[in-house]
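As a plain string of letters, each chain reads:
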Amino acid sequence: MQFRLSEDQQMLREMVRQFAEKEARPTVAERDEHALWPAELVRKMGELGLMGVAVQEEYGGAGLDYLSYAIAIEELSRVDASLGVIASVNNSLVCYGIEKFGSEEQKRELLVPLASGQALGAFSLSEPGAGSDAAAQKTTAVRDGDSYVINGVKNWVTNGDHADTIILMAMTDPSRGAKGITAFLVDTRAPGCSVVKVENKLGIRSAHSCQMAYDGYHLPAWRRLGEEGQGFKIAMTILNAGRIGIAAQALGIAQAAYEAALGYTRVREQFGKPIHEFQAVGFTLADMATRIKAARLLTYEAAWRKDQGLDYVQDVSMAKLFASETAMWTATKAIQLHGSNGYSKEYPVERHFRDAKITEIYEGTSEIQRLVISREITRG
Ligand code: CAA
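A. Looking closely at the overall build of the protein. Regarding its fold elements, the protein presents 11 helices and 10 strands. For a compact globule of 380 residues, the expected C-alpha radius of gyration is about 21 Å, and the protein comes in at 21 Å, within 12% of that figure. Each of the three principal axes of the protein carries a C-alpha extent, and together these read 80 × 50 × 40 Å. Here the protein holds 380 residues, and the buried ones make up 55% of them. Within the protein, contacts between residues at least 6 apart in sequence are counted, and of these 74% link residues at least 24 apart. Total accessible area computed for the protein in this model is approximately 16500 Å², and 52% of it derives from carbon and sulfur atoms. Both charge centroids of the protein, one from 42 positive and one from 48 negative side chains, sit 5 Å from each other.

As structure tokens, then:
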């Protein structure tokens, strides 16, 4: 067993940390406050290879492994959880899906620009009536000669208002339920695809989440991803990889909240001494550090299992469940250790608290992760 990161992985961590500290830190609070899309930072992430970390080099990626991808998302999210999810969606929900299920033509035409940062991707499964019950798709795609005509409404499309390509799930055969769902590669510039609204959110405000509508949208058949009826399986397979990214994002948020709490309790004095010298505070810091370490090990192991080609469905659900609940718990405690100051926007922990919450919800709620884990461990 080997617990040490490779030299390349350590160098990547250092590179992403420097980028996040130097380029993202100065504007993170303002972008959060005003929900400003970080166009320039997204462009720079592309230049650094952070939009296609684990995609093969021949398809425009950095050619690294999924453990490196997890480290990159963790380090981005430690400074700015919005950048973390923007990159995570592009890397695992989009690039991975096309690399795994796409034709050679789709890889050359669409994956290369996405993985190299020249284009941006989004993933569209959720609908007003299809959240945890992802198979309850109402969006329809009807074959019409050499194309499909798509109609419907999609919710919570991260990157939706800036995306060039969207992996979209739609029903091609409602009589077959989950087996009637098909995946498509939408060109957002074509007519019939529009952004209805950008959500005004509690956290990750610099990353945009959109409601999108398809109204008589014509998609050429070459843009179908996989076969008709494979869409649900494709979506679930993609989400397995995506959940590594969200676990890593949660880990970065938890680390940030912990570092803020550690720094604050060292300098804040009450009753004549720094408050970390009080046992209740010291024990809280100890619990934070312990839970974060456990979350990191779970997340890295899930990524490692994917890199080894091992099954990792149960492992990634455990990682996402534990890391997201660790992020929420750590951010809550970090505010408590800051006292009233933690409730003020003068300190970063209130942002970590708001950013942490979504990690328990998107890409499968904590309840769905428990469902997946319980199914896996009780399978005969
Ligand atoms: N990996 C691979 N295949 C899977 C899978 C997984 N994790 N989970 C299910 N499948 C497969 C099953 O093996 C089955 O295939 P077969 O028919 O060939 O046997 C098929 O999918 C149907 O599976 P189930 O019968 O288990 O399906 P279900 O309807 O009972 O529910 C669920 C499955 C786990 C609840 C699923 O619906 C789920 O994960 N829901 C959560 C959806 C989710 O994560 N949404 C997030 C949207 S993206 C987002 O958050 C926005 C963003 O941009 C960040």
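B. The arrangement of the packing of aromatic side chains in detail. The tally for this structure, following the rule as stated, stands at 6 aromatic pairs. Here Y214 and Y217 contribute two aromatic rings whose centre-to-centre distance is 5.7 Å and whose plane-to-plane angle is 85°, an arrangement assigned as edge-to-face. Ring centres of F271 and F278 lie 6.1 Å apart, and the angle between their planes is 80°; this geometry places the pair in the edge-to-face category. An aromatic cluster is defined as three or more aromatic residues linked by ring pairs; in this entry it consists of Y66, Y69 and Y96. One residue, K273, lies across the ring of F278, its end atom 4.6 Å from the ring centre.

C. Summary view of the domain arrangement of the protein. Looking at the assigned domains, one finds that the protein contains domain 1 (7-120), domain 2 (122-232) and domain 3 (236-378). For domain 1 versus domain 3, the distance between C-alpha centres works out to 21 Å. Overall, the association of domain 1 and domain 3 removes approximately 2200 Å² of surface from exposure, summing both partners, and the carbon and sulfur fraction of that is 61%. Between R296 and E74 there is a salt bridge, with its nearest N and O atoms 2.8 Å apart. Remark: the boundary between domain 1 and domain 3 carries 9 residue pairs in polar contact (both at pLDDT 80 or more). Those elements that provide at least two residues to the side of domain 1 that touches domain 3 are α2 (28-34), α4 (66-79) and α5 (81-101). Looking at the side of domain 1 that touches domain 3 residue by residue, the classes come out as 14 nonpolar, 4 polar and 7 charged.

D. Structural view of the site of the ligand. Surveying the vicinity of the ligand reveals 21 residues, the closest of which are S132, K179, N240, E363 and R375. Here T158 contributes a side-chain N or O atom positioned 2.9 Å from an oxygen atom of the ligand. Contact distances for the ligand include 2.9 Å between a nitrogen atom and a side-chain N or O atom of N240. Summarising the interface, the protein chains cover 74% of the accessible area of the ligand, which totals 1100 Å² for the free molecule.

E. Structural view of the packing of α5 against helix α7 (residues 231-267). Contact geometry for α5 and α7: axes closest at 9 Å, N-to-C directions at 155°. One way to sum up the angle between α5 and α7 is to call them roughly antiparallel. Crossing handedness for the pair α5 and α7: right-handed. From α5, A81, V85, S88, S92, L93, Y96, G97, K100 and F101 reach across to α7, where they touch I234, T237, I238, L239, A241, G242, G245, I246, Q249 and I253. Counted by class, the contact of α5 with α7 contains 11 nonpolar, 7 polar and 1 charged residues.

F. α4, seen in detail. Taking 1.5 Å per residue, 14 residues should reach 20 Å; α4 reaches 20 Å between its end C-alpha atoms and fits that length. Within α4, 14 of the 14 residues are buried, leaving the element largely enclosed by the surrounding structure.

Rules and cut-offs
Residues numbered from 1 in each chain as written. Predicted model: local features only at pLDDT ≥ 70, side-chain atom pairs only at ≥ 80, totals over all residues. Heavy atoms only, no water. Helix = DSSP H or I, 4+ residues; strand = E, 2+ residues; numbered from the N terminus. Rg over C-alpha atoms; globule rule 2.2 N^0.38 Å. Buried < 20%, exposed > 50% of the residue type's maximum accessible area, 1.4 Å probe, protein only. Contact = heavy atoms within 4.5 Å. Areas by Shrake-Rupley, 256 points an atom, 1.4 Å probe, with all protein chains shown as cover. Lys, Arg positive; Asp, Glu negative; His and termini not counted. Charge placed at Lys NZ, Arg CZ, Asp CG, Glu CD. Phe/Tyr/Trp six-rings, centres within 6.5 Å; stacked < 30°, edge-to-face > 60°. Lys NZ or Arg CZ within 6 Å of the ring centre and 35° of its normal. Domains from an automatic or database assignment. Buried area = accessible area lost by both parts, 1.4 Å probe. Salt bridge = Lys/Arg side-chain N within 4 Å of Asp/Glu carboxyl O. Polar contact = N/O pair within 3.5 Å; in protein donor to acceptor, adjacent residues only side chain to side chain. Nonpolar A, V, L, I, M, F, W, Y, C, P; charged D, E, K, R; others polar. Near = heavy atom within 4 Å. Axes fitted to C-alpha atoms, helices over the stretch in contact; angles between N-to-C directions. Parallel < 35°, antiparallel > 145°, perpendicular 65-115°, else oblique. Left-handed = near helix turned anticlockwise from the far one by under 90°. Expected span 1.5 Å × (residues − 1).

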